[in-house]
Amino acid sequence: MTKPTQIDPPQLFRSPAFAQGMLAPAGPVLYVGGQNGTDAEGALLKGLRAQTEQALRNVLAVLAEAGTDAEHVVKLTIHLAPGIDPSDAYAATREVWGDHRTAVTVLAVAPARPGALVEIDAIAAVPAG
């Protein structure tokens, strides 16, 4: 199975952080539910950077369990609590996620869990076994 292909039309801005679209090869698809910045005991970490790093590590754990990785993610949706500066979230994303450009949507939404500042979900292709 080949990896997803980044789609960046020449008439659109080419972001170094995300792709305008992703073309996923046919095969199994993994939908990762929203991950908060919680540890293995379910405790919510403090601060946006720590929560974002942990939420991404949680996404990576789900990907690994399904037999895939960040290179096969075709879409991330990052939900940030309204009114917060996303700079720490962006820095944490690069720290944990690396340079894996993918399609990304960032939304400001009220968190369902009290104290949560970020929630991240993903869609990934799963390589054939």
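Cut-off values and rules
- Note that residues are indexed from 1 along each chain, following the sequence as it is written.
- This being a predicted model, a pLDDT of at least 70 is required before a residue's local features are given, and a value of 80 or more before pairs of side-chain atoms are given or counted; all residues contribute to the totals for chains, interfaces and linings.
- To obtain the side-chain values, all non-hydrogen atoms of the structure were used and water was disregarded.
- Runs of H or I in DSSP of at least four residues are treated as helices and runs of E of at least two as strands, each being numbered from the N terminus.
- Here the radius of gyration uses the C-alpha set of atoms, whereas the globule reference equals 2.2 Å times the residue count to the power 0.38.
- Contacts are assigned to residue pairs that have any heavy atoms within 4.5 Å of one another.
- Residue exposure ignores everything except the shown protein chains as possible cover, and the areas themselves are Shrake-Rupley values with a 1.4 Å probe.
- Here the positive residues are Lys and Arg and the negative ones are Asp and Glu; neither His nor the chain ends is included.
- A charge is said to be at NZ when it belongs to Lys, at CZ for Arg, at CG for Asp and at CD for Glu.
- In the sections that follow, a salt bridge refers to a side-chain nitrogen of Lys or Arg positioned within 4 Å of a carboxyl oxygen of Asp or Glu.
- Only protein chains enter the accessibility calculation, which uses a 1.4 Å probe. A residue is then buried if its area is under 20% of the maximum for its type, exposed if over 50%, and partly exposed in between.
- By nonpolar core is meant a set of buried Ala, Val, Leu, Ile, Met, Phe, Trp, Tyr and Cys residues that side-chain atoms within 4.5 Å join together.
- Two strands make a pair as long as DSSP finds a minimum of two bridges between them.
- Angles shown run from 0 to 180 degrees and are taken between the N-to-C directions of axes, each axis being a line fitted to C-alpha atoms and, for helices, limited to the stretch in contact.
- A residue's pLDDT is simply how confident the predictor is in it, with values from 0 to 100.

**Focus: the overall build of the protein chain**
Secondary structure summary: the protein chain contains two helices and six strands in total. When the elements of the protein chain are put in sequence order from the N terminus, they spell out β-β-β-α-β-α-β-β. Relative to its length of 129 residues, the protein chain is compact, with a C-alpha radius of gyration of 15 Å against a globular reference of 14 Å. Sequence-distant contacts, at least 24 apart, represent 77% of the contacts inside the protein chain between residues at least 6 apart. A total accessible area of about 7,000 Å² is found for the protein chain, and carbon and sulfur atoms account for 57% of it. Averaging the positions of the 9 positive and the 13 negative side-chain charges in the protein chain gives two centres separated by 4 Å.

**A closer look at the pattern of salt bridges**
For the structure shown, the criterion picks out four salt bridges. Across the pair Lys3 and Glu71 runs a salt bridge, and its minimum N-O distance is 2.3 Å. Highlighted residues: Lys3 in the segment before β1 (5-7) and Glu71 in the loop between α1 (48-65) and β4 (73-80), separated in sequence by 68 residues. We classify Glu71 as partly exposed; its relative accessible area is 35%.

**Things to note about the side chain of Gln35**
With respect to the helices, strands and loops of the structure, Gln35 is situated in strand β3 (residues 29-35). Aside from chain neighbours lying at most four places away, what touches Gln35 is Ala55, Asn58, Val59, Val62, Val118, Glu119 and Ile120.

**Comments concerning the nonpolar core**
Across soluble globular proteins, nonpolar side chains show a tendency to be buried alongside one another. Counting 19 residues, the largest nonpolar core has Val59, Leu63, Val73, Trp97 and Ile120 as its most contacted members. Sorting the residues of this core by element identifies β3, α1, β4, α2 (87-97) and β6 (118-125) as the ones contributing at least two each. The element that contributes the greatest number of residues to this core is α1, accounting for five residues. The contact partners of Ile120, leaving out residues within four places of it in the chain, are Gly33, Gly34, Gln35, Thr52, Ala55, Leu56, Val59, Leu76, Thr77 and Ile78.

**Section: the sheet that holds strand β5 (residues 103-108)**
Spatially, the four strands line up as an open sheet ordered β3-β6-β4-β5, and their pairing is mixed. The open sheet terminates on both sides in strands that have one partner only, identified here as β3 and β5. Sheet twist, expressed as the average angle between the axes of neighbouring strands with direction ignored, equals 10°. As paired elements, β4 and β6 share seven bridges and run antiparallel to each other. Each bridged residue has a counterpart across the sheet, and for Val73 the counterpart in β6 is Ala124.

**Here's the deal with the environment of Leu45**
Here Leu45 shows up in the loop between β3 and α1. Here Leu45 falls in the partly exposed class, since its relative accessible area comes to 24%.

**Side note on the confidence of the model for the protein chain**
Looking at the protein chain as a whole, the pLDDT averages 93, with 98% of positions reaching at least 70. By mean pLDDT, the top-scoring element of the protein chain is β3 (97), and the lowest-scoring one is α2 (85).

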